[in-house]
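Below, each chain spelled out in residue letters.
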Amino acid sequence: METAALIVVLVILLALFFDFTNGFHDTANAMATPIATGALKPKTAVILAALLNLVGAFLSTEVAKTISGGMIKEDALMSADNPASLFPSLIFAGLIGAITWNMLTWLLGLPSSSSHALFGGLIGATLVGAGALAIDFGIVITKVVLPALIAPLTAGIIAFVVTKVAYGMTRRYDGKPDGRDGFRWGQIFTSSLVALAHGTNDAQKTMGVITLALIAIGWQTASQPQLWVVIACAVTIALGTYMGGWRIIRTLGKGLTDVKPAQGFAAESSTSATILASSALGFALSTTQVASGSVIGSGLGRRGSKVRWGTAGRIMIGWVLTLPAAGGVGALAALVVVWLGTWGVVIDAVIAVAVILGIFLRSRRDEVSANNAMSEVADSGTAVKVKKNPPPTRRQRMILQAEKAAKKAEKRAQDKHHTADVLREKERIDVERKAKKSAEKATKAPANGSNPSNDEGGAR
């Protein structure tokens, strides 16, 4: 029992570290766009996100209940040979898989899903340690897999509609400023909502894992997280968010620099609405997937923008690989635990620490901070490209055609008027010429002609 208690303590510490990595891994989902568009300064953005993550973690616990009381069947695990220590050890192995994937993708600057890394690690470890019967695949499909497919699509559709509405309401045809830069102020509000939603969803996953470990060892019976668990997870994810995760912010932020403030406003509004609604229903979503779906939807909604489906496809492939990759690492760690028992936990812990330190030291070679996060364009973040001179809309084409027709009519009227003036001038000249000739004839006639009366007198 003492060994099991020690393992549970290790699980809690490792779970909080995962919560920390989740914080800096997903900061970009809320703050990359407002940083890129200049709505918020980098440091201000991460401080705001950290505070709102802290608040959001206290607003709901439905997602935590999904993990602690639904996805893993405690009864099936308790029927194993060593129920006092096997379950916490498997959770420990699953967390190693999730953290390893999170750290690796952070080093590469890839916006992967921390949520799916956690689910994959837990599922892989449970499959190895207790078999498929210990997993409730119905809960996995209905509250993890289906939301992962539906939520990004839903968020994309919402962002598409909001973008259309935003540009339709602000479009002008008289050449005057449209006021769309004002959406930068709106981005402060919407990005804050995304950070708040992130706290309500992602922080709870760690709460669920810790609660699951406490239930396994008999320290707790209900799936409702205890207050100290909520506080610890809220503070930890807030600290992780404050660290910034600048590598992933660089990836998403620089890829979104062509996205206009109105698009960012629409994408963030859609992301926050989708995550908050899902948190209330207990769906464990990936904030990264929802945010990316919103960005693509807003890109499709803006006239003149172009979605690079090749790049978007590579991002999606990364999402698909997250769950099995983390699951594979979790399964290997669980295999060591099954073979070696308590010593397997120790070996896993040593290897995990070595891997984490190795990745951290490797990251110091090309450190990314608030000062240089926006200095390069990362290939995986260029999903949306906006043309500098987008083609005119149908209404604009109609207005241009009407203006051209009016100009042509005016020109024809001017030409007709000019022709009439020319004709009148020609007639006037002709009249003057005829009058002049008549006057000349009248002047010459008395001088050259003879007087008939004189001729007759001469003849007489």
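Residues numbered from 1 in each chain as written. Predicted model: local features only at pLDDT ≥ 70, side-chain atom pairs only at ≥ 80, totals over all residues. Heavy atoms only, no water.

## Here we look at the overall build of the chain
Assigned secondary structure in the chain consists of 16 helices and two strands. Split into buried and exposed, the 460 residues of the chain put 49% on the buried side. Partitioning the intrachain contacts of the chain with sequence separation of at least 6 by distance along the chain shows that 86% fall at a separation of at least 24. Total accessible area computed for the chain in this model is approximately 22,200 Å², and 64% of it derives from carbon and sulfur atoms. (Helix = DSSP H or I, 4+ residues; strand = E, 2+ residues; numbered from the N terminus. Buried < 20%, exposed > 50% of the residue type's maximum accessible area, 1.4 Å probe, protein only. Contact = heavy atoms within 4.5 Å. Areas by Shrake-Rupley, 256 points an atom, 1.4 Å probe, with all protein chains shown as cover.)

## Notes on a nonpolar patch on the surface
The grouping of Val128, Val338, Trp339, Leu340, Trp343, Val346, Ile347, Val350, Ile351 and Val355 at the surface amounts to a nonpolar patch, some 960 Å² of accessible area in total. For the nonpolar patch, the leading source of residues is helix H14 (residues 342-363), giving six residues. Mapped onto the elements, Ile351 comes out in helix H14. For Ile351, a relative accessible area of 46% corresponds to the partly exposed category. (Patch = residues over 30% accessible without salt bridge, like charges linked within 9 Å, V, L, I, M, F, W, Y side chains within 5 Å. Salt bridge = Lys/Arg side-chain N within 4 Å of Asp/Glu carboxyl O.)

## Observations concerning the packing of helix H5 (residues 86-108) against H14
At their nearest, the axes of H5 and H14 sit 10 Å apart, and the two run at 10° to each other. Comparing the axis directions of H5 and H14 gives the class roughly parallel. Side by side, H5 and H14 meet where Ser89, Phe92, Ile96, Ile99, Thr100, Met103, Leu104, Trp106 and Leu107 of the first sit next to Val345, Asp348, Ala349, Ala352, Val355, Ile356, Ile359, Arg362 and Ser363 of the second. Taken together, the residues that form the contact of H5 with H14 break down as 13 nonpolar, three polar and two charged. (Axes fitted to C-alpha atoms, helices over the stretch in contact; angles between N-to-C directions. Parallel < 35°, antiparallel > 145°, perpendicular 65-115°, else oblique. Nonpolar A, V, L, I, M, F, W, Y, C, P; charged D, E, K, R; others polar.)

## Notes on H5
In a regular helix each residue adds 1.5 Å, so 23 residues correspond to 33 Å; H5 covers 33 Å between its end C-alpha atoms and thus fits that length. Along H5, 20 of the 23 residues are buried, which leaves the element largely enclosed by surrounding structure. After H5 finishes, the residue Gly109 shows a positive phi value of roughly 70°. (Expected span 1.5 Å × (residues − 1).)

## Things to note about the side chain of Thr322
Looking at where Thr322 falls in the secondary structure, it is placed in helix H13 (residues 309-340). Given the relative accessible area of 0%, Thr322 is considered buried. A polar side-chain atom of Thr322 sits 3.2 Å from a polar atom in the side chain of Trp101. Setting aside residues up to four positions removed in sequence, Thr322 forms contacts with Trp101, Ser112, Ser113, His116 and Ala117. (Polar contact = N/O pair within 3.5 Å; in protein donor to acceptor, adjacent residues only side chain to side chain.)

## Things to note about the nonpolar core
The nonpolar side chains of a soluble globular protein tend to be buried, and buried together. Residues Ile91, Leu95 and Ile210 are the most contacted members of the largest nonpolar core, which totals 59 residues. Counting residues per element, the ones that place at least two in this core are helix H1 (2-37), H5, helix H6 (114-130), helix H7 (137-170), helix H8 (183-216), helix H9 (227-243), H13 and H14. With 14 residues, the single largest contributor to this core is H5. Discounting chain neighbours no more than four positions away, the residues touching Ile210 are Ile12, Ala15, Leu16, Trp228, Val229 and Cys233. The next biggest cluster of nonpolar side chains, apart from the first, holds eight residues, and it includes Met31, Ala45, Ala195 and Leu196. (Core = buried A, V, L, I, M, F, W, Y, C linked by side-chain atoms within 4.5 Å.)

## Digging into the confidence of the model for the chain
Residues of the chain with pLDDT of at least 70 account for 75%, and the chain-wide mean is 76. Taken element by element, the predicted model of the chain shows its lowest mean pLDDT in helix H16 (residues 452-459) (48) and its highest in H14 (89). With pLDDT under 50 throughout, residues 375-383 is counted as low confidence; its partners more than four residues away or in other chains account for 25 contacts. Note that pLDDT drops below 50 for residues 454-460; the model gives that stretch one contact with residues more than four away or on any other chain. (pLDDT = per-residue confidence, 0-100.)

## Describing the packing of H5 against H6
Contact geometry of H5 with H6 gives a least axis separation of 7 Å together with a crossing angle of 140°. Considering the angle they form, H5 stands oblique to H6. Relative to H6, the crossing made by H5 is right-handed. Of the residues in H6, those in contact with Leu86, Leu90, Ile91, Ala93, Gly94, Leu95, Ala98, Trp101 and Asn102 of H5 are Ser114, Ala117, Leu118, Gly121, Leu122, Ala125, Thr126, Gly129 and Ala130. A per-class count over the contact of H5 with H6 returns twelve nonpolar, six polar and no charged. (Left-handed = near helix turned anticlockwise from the far one by under 90°.)

## So, the environment of Gly38
Mapped onto the elements of the fold, Gly38 is located in the loop between H1 and helix H2 (42-56). Owing to a relative accessible area of 55%, Gly38 belongs among the exposed residues under this scheme. It is 9.1 Å that separates the C-alpha atoms of Gly38 and Pro261, two residues lying 223 residues apart in sequence.

## As for the environment of Thr170
Inspection of the secondary structure assignment puts Thr170 in helix H7. Considered as a pair, Thr170 and Ala262 are 92 residues apart in the sequence and their alpha carbons are 9.7 Å apart.

## Thoughts on a positive patch on the surface
A cluster of basic side chains, namely Lys404, Lys407, Lys408 and Arg412, defines a positive patch on the protein surface. Its place among the elements puts Arg412 in helix H15 (residues 394-448). (Lys, Arg positive; Asp, Glu negative; His and termini not counted. Charge placed at Lys NZ, Arg CZ, Asp CG, Glu CD.)

## Remarks on the environment of Val336
Tracing the backbone shows Val336 in helix H13. Judged by its relative accessible area of 21%, Val336 is partly exposed. As a C-alpha pair, Val336 and Ile347 span eleven residues in sequence and 8.0 Å in three-dimensional space. Apart from residues lying up to four places away in sequence, Val336 is in contact with Gly341, Gly344, Ile347 and Asp348.

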